[in-house]
Amino acid sequence: MTDILTVTMNPALDVSTSTDKVMDTHKLRCTAPIFHPGGGGINVARVLHRLGGDCLALYLAGGMNGQRLRQLLDQEQVRGHCIAIAGETRESFSAHETSSGRDFRFVLPGPALTPGEWQAGLDYISALGASPPYLVASGGLPPDVPEDFYARLARLAKARGSRVVLDTSGPALAAALAEGVYLVKPSLRELRELTGHPLQTGPDQHAAALQIIRSGQAQVVALSLGEDGALLVTANRALRARSLPVPVASSIGAGDSFVGGLVWALSRHETLEQAFRYGMAAGAAALLAPGTALCQAADVERLHREVLITPA
Ligand SMILES: Nc1ncnc2c1ncn2[C@@H]1O[C@H](COP(=O)(O)OP(=O)(O)OP(=O)(O)O)[C@@H](O)[C@H]1O
Ligand SMILES: [Mg+2]
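Residues numbered from 1 in each chain as written. Chains lettered and ligands numbered in written order. Predicted model: local features only at pLDDT ≥ 70, side-chain atom pairs only at ≥ 80, totals over all residues. Heavy atoms only, no water.

Got a sec to walk through the packing of helix α5 (residues 170-179) against helix α6 (residues 188-195)? Specific residues and values, please.
For any two helices packed against each other, the geometry comes down to the angle between their axes and how far apart the axes lie. Running from amino to carboxyl end, α5 crosses α6 at an angle of 70°, the nearest separation of the two axes being 10 Å. Taken together, the axes of α5 and α6 lie roughly perpendicular to each other. Residues Gly170, Leu173, Ala174 and Leu177 of α5 form the contact with α6, whose own contacting residues are Glu190, Glu193 and Leu194. Residue composition of the contact of α5 with α6, grouped by class: four nonpolar, one polar and two charged. (Axes fitted to C-alpha atoms, helices over the stretch in contact; angles between N-to-C directions. Helix = DSSP H or I, 4+ residues; strand = E, 2+ residues; numbered from the N terminus. Parallel < 35°, antiparallel > 145°, perpendicular 65-115°, else oblique. Contact = heavy atoms within 4.5 Å. Nonpolar A, V, L, I, M, F, W, Y, C, P; charged D, E, K, R; others polar.)

In structure tokens, the structure reads:
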């Protein structure tokens, strides 16, 4: 069937542009908009496809934006399965301020889903003939989807023998961890929110990751630390990677690219350390591209050799 299934409950039509300076009240003259299909799992699938991974993106979309999103995914030749919903898929708007290099990101909530719609996502996975070795659940949940949706998904996927990779935040993250997943990729902000601790030092971060593992909530924690790199923790190993010194055009999509690179290598039966290297390379490669453009395969291949990994 497929090596990797990504699930996106709340995809977005990403619209990015740039303007000289962001100010209130004034009309901000912007450059021509660039459209990308977006949302956590969709971005991960786009990265996997670029890297040559065997991947299927499952997503729920509706309305004109949903149609556009579907077309854009098709144009990138990303294999997808769209579950049609009654609501209108959201747009996410980002504006790059050229005078400062900062990105302003406006994230809309997305349409509320009916129980039948979100249940159709679970049913699709239940009905799969063969289970994918990896299932990536990424991004936030739209309104009216129960907080334990990813927990239900994890239960289902685990029972079918898939390894669940999770990248989300807030109550949805906490609930899915209570169920247990294979790998979780919180950012530092997400881990702080989850634990309620500031986690200011490396040892604190390491201990928090280990706590997740010891309590059976995940087998691998990949904690991404933005410009400070990342920490990868399992029950018996901890590795730290320094971020690569690349010019930052935009950090949008770095986390999704990180997950894409990591899961791609895992699906090829690479070691965890090598997968970490690819995750770091993909995250860094995403920084090279402006706006919501993601990493390019050639950059990932080139950069993965430069990743410096040390025991944490
Ligand atoms: N400014 C940066 N400089 C160098 N590397 C970066 C930078 N920002 C991100 N990265 C790389 O991308 C990875 C993922 O970034 P980050 O930790 O910001 O996660 P994220 O999921 O994008 O964050 P969030 O979900 O909180 O928005 C990092 O581990 C790092 O390798
Ligand atoms: Mg993230």
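How would you sum up the layout of surface pockets? Please name residues and give values.
Vacant regions in the atomic arrangement are exposed by a probe of water-molecule size rolled over the atoms. Of the volumes computed, that of the second largest pocket is approximately 170 Å³. Taken together, 16 residues form the lining of the second largest pocket, with Ser16, Thr17, Ile34, Pro290 and Gly291 sitting closest to its centre. For the lining of the second largest pocket, the per-class residue count stands at six nonpolar, nine polar and one charged. (1 Å grid on protein atoms, 1.4 Å probe; cavity = no way out; pocket = protein on both sides within 12 Å on 5 of 7 lines; lining within 4 Å. Points joined across faces, edges and corners; volume = space filled by probe spheres on them.)

Could you give an account of the environment of glycine 66, with specific residues and numbers?
Looking at where glycine 66 falls in the secondary structure, it is placed in helix α2 (residues 63-75). Glycine 66 sits in the buried class, given a relative accessible area of 4%. Between the alpha carbons of glycine 66 and proline 11 there is a distance of 8.5 Å; along the sequence they are 55 residues apart. For glycine 66, the contacting residues outside a window of four places in its chain are Ala61, Glu88 and Thr89. (Buried < 20%, exposed > 50% of the residue type's maximum accessible area, 1.4 Å probe, protein only.)

Outline the packing of aromatic side chains, supporting the account with residue identities and numerical values.
Counting across every chain of the model gives six aromatic pairs. Seen from their ring centres, phenylalanine 93 and phenylalanine 106 are 6.1 Å apart, and the 40° between their planes marks the pair as tilted. Highlighted residues: phenylalanine 93 in strand β6 (residues 90-97) and phenylalanine 106 in strand β7 (residues 102-107), separated in sequence by 13 residues. On the basis of relative accessibility, which here comes to 45%, the residue phenylalanine 106 falls in the partly exposed class. On the numbers, 5.0 Å between centres and 75° between planes, the contact of tryptophan 264 with tyrosine 278 is edge-to-face. (Phe/Tyr/Trp six-rings, centres within 6.5 Å; stacked < 30°, edge-to-face > 60°.)

Geometric values such as these leave the question of function open.
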